[in-house]
Every structure is written in C-alpha cells, then in structure tokens.
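Observations on the three-dimensional arrangement
What follows is the residue order along each chain.
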Amino acid sequence: MKQNEKFMTSDNFLPPRSRGPFHKGLILVVEDDPDISKMLRIYLESQRYEVLLAKKGAEGVQICVQSRPDVVILDTSLPHWSAGGVYRKLRAKLGMKSIPVLFLSEDDKISKELEMLELREEDEIISKPFDIEQVKSYLERVIPQAWPGSSLVLWQSDEEDK
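Notes on the structure in this doc start here.

The rules behind each value
- Residues numbered from 1 in each chain as written.
- Predicted model: local features only at pLDDT ≥ 70, side-chain atom pairs only at ≥ 80, totals over all residues.
- Heavy atoms only, no water.
- Helix = DSSP H or I, 4+ residues; strand = E, 2+ residues; numbered from the N terminus.
- Contact = heavy atoms within 4.5 Å.
- Areas by Shrake-Rupley, 256 points an atom, 1.4 Å probe, with all protein chains shown as cover.
- Axes fitted to C-alpha atoms, helices over the stretch in contact; angles between N-to-C directions.
- Parallel < 35°, antiparallel > 145°, perpendicular 65-115°, else oblique.
- Left-handed = near helix turned anticlockwise from the far one by under 90°.
- Buried < 20%, exposed > 50% of the residue type's maximum accessible area, 1.4 Å probe, protein only.
- Pairing = 2+ DSSP bridges.
- Phe/Tyr/Trp six-rings, centres within 6.5 Å; stacked < 30°, edge-to-face > 60°.
- Salt bridge = Lys/Arg side-chain N within 4 Å of Asp/Glu carboxyl O.
- Core = buried A, V, L, I, M, F, W, Y, C linked by side-chain atoms within 4.5 Å.

This part is about the overall build of the chain. Each helix and strand counted, the chain has 5 helices and 5 strands in total. In the chain, once contacts between residues fewer than 6 apart in sequence are set aside, the share between residues at least 24 apart is 67%. Summing over all exposed atoms, the chain offers an accessible surface of approximately 9900 Å²; the carbon and sulfur share of this is 51%.

Right, here's the structure in full:
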C-alpha cells in the first residue's frame, strides 16, 4: 500500500483536506510554461496558498486525486492531453467532481470548445495574457465553496470533563 492510499476508501475518494491555520487553500497549477508556473507559484504562495505544480495533464490528474486541491488552475494548451480531456477525467473521478477549475486560455477557439463541455458555475476561463488580479478574485470567490466546512473540524468527546 502506498503512503497516500491509507486514507482512500474503496471508491478512491479522499475526504476534504483541513487547511493549516496559515494557508488559505491548496491550488494545483497544471501549466507547461515554466515562466507562468513560476509566476503563479510565487504570487499564490505570497497570498498564503499552498501550491502544487504539474507540467502535463496526466500528472495533474494524478496529483489531484492524491492531494485533493481546493482549486485547479489548468492551461488549455497542454502537450499530449487537451484541457477538455483533463477536465473530463477530473469530473469522472469520485471526489473530484466539486473541485473548481480555472482555465488559462490563449486561444478563443479552445475557449469555445471548453464552453461546450457544460462547465459548472464555479469553473471559469480567462485569457492569456491575464491579470493576476483575475486569478486572485476567482480564488477568493470559489475557495469557500470548494469544500464546505473543510476549514473547521469539530470534535466532541463522549467523556465528561472532570
């Protein structure tokens, strides 16, 4: 058994992550351009987000299943796998259906194709080059909805206080 598998159920579902007190959430950036990945990582970490990076679609899906990010930022021009393919794969995985996806698109044609996937209300497409404030605004809007209640864990003891 792999280390991460000890928390998985038979349906390959992981419960919501609890955030540390100093982090706003976990963001998975799936982007093959190292300059954009680095810029997003530096900015997001400065805003107190934890950041995971993937360069390929298959790697992004694997990390997503293992780590359960609050949001996926997904480049639409990945080699080997289309953004639509990655999106469909994420939506097919149990436990991944509610993760919001922010698409980074540099092509209007791809944006139109993505819209045909019936994106959810929480998903959004922004065009490259993008203003980092668009990313910030998106994250502030969707992270509280990503995993309701994941920031707070209540514990009740059956024992009486003595």
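There is more to say after this.
This next bit is on the packing of helix α2 (residues 57–67) against helix α3 (residues 83–92). Running from N to C, α2 and α3 cross one another at 20°; their axes reach a closest spacing of 10 Å. Taken together, α2 and α3 sit at an angle that is classed as roughly parallel. Relative to α3, the crossing made by α2 is right-handed. Residues Gly57, Val61 and Cys64 of α2 touch α3, and the partners they reach there are Val86, Lys89 and Leu90.

Within the span of α2, buried status applies to Gly57, Gly60, Val61, Ile63, Cys64 and Val65. Lining the buried residues of α2 we find β1 (25–30), β2 (49–54), β3 (71–75) and α3. Of the residues one or two after α2, Arg68 is the one with positive phi, at around 50°.

Moving on: the sheet that holds strand β5 (residues 124–127). The strand order across the open sheet formed by 5 strands is β2-β1-β3-β4-β5, and the pairing between neighbours is parallel. The sheet is open, and its two borders are formed by β2 and β5, each paired with just one other strand. Geometrically, the sheet is characterised by an average inter-axis angle of 20° between neighbouring strands, direction not taken into account. Here 4 bridges tie strand β4 (residues 101–105) to β5, and the two strands are oriented parallel to one another. By the bridge assignment for β5, Phe103 is matched with Ile125.

Another point: the packing of aromatic side chains. Between two aromatic rings, the relevant description is the distance of the centres plus the angle of the planes. Scanning the model with the defined rule gives 1 aromatic pair in all. Between Tyr87 and Phe103, the ring centres sit 5.4 Å apart and the planes meet at 50°, which makes this aromatic pair tilted. Separated by 16 residues along the polypeptide, Tyr87 in helix α3 and Phe103 in strand β4 bring together distant segments of the chain. An identical accessibility class is assigned to Tyr87 and Phe103; each is buried.

Turning next to the pattern of salt bridges. Scanning the entire structure with this criterion turns up 7 salt bridges. Between Arg120 and Glu122 there is a salt bridge, with its nearest N and O atoms 3.3 Å apart. Three or more residues joined by partner-sharing salt bridges are found here, namely Arg91, Arg120, Glu122 and Asp123.

The next thing to look at is the nonpolar core. Membership of the largest hydrophobic core comes to 20 residues, with the highest contact counts inside it found for Ile27, Leu40, Leu44, Ile73, Val135 and Leu139. When contributions to this core are tallied by element, the ones reaching two or more residues are β1, α1 (34–46), β2, β3, β4 and α5 (132–146). For this core, the element with the highest residue contribution is α5, accounting for 6 residues. Apart from residues lying up to four places away in sequence, Leu40 is in contact with Val29, Ile73, Leu104, Phe130, Ile132 and Val135.

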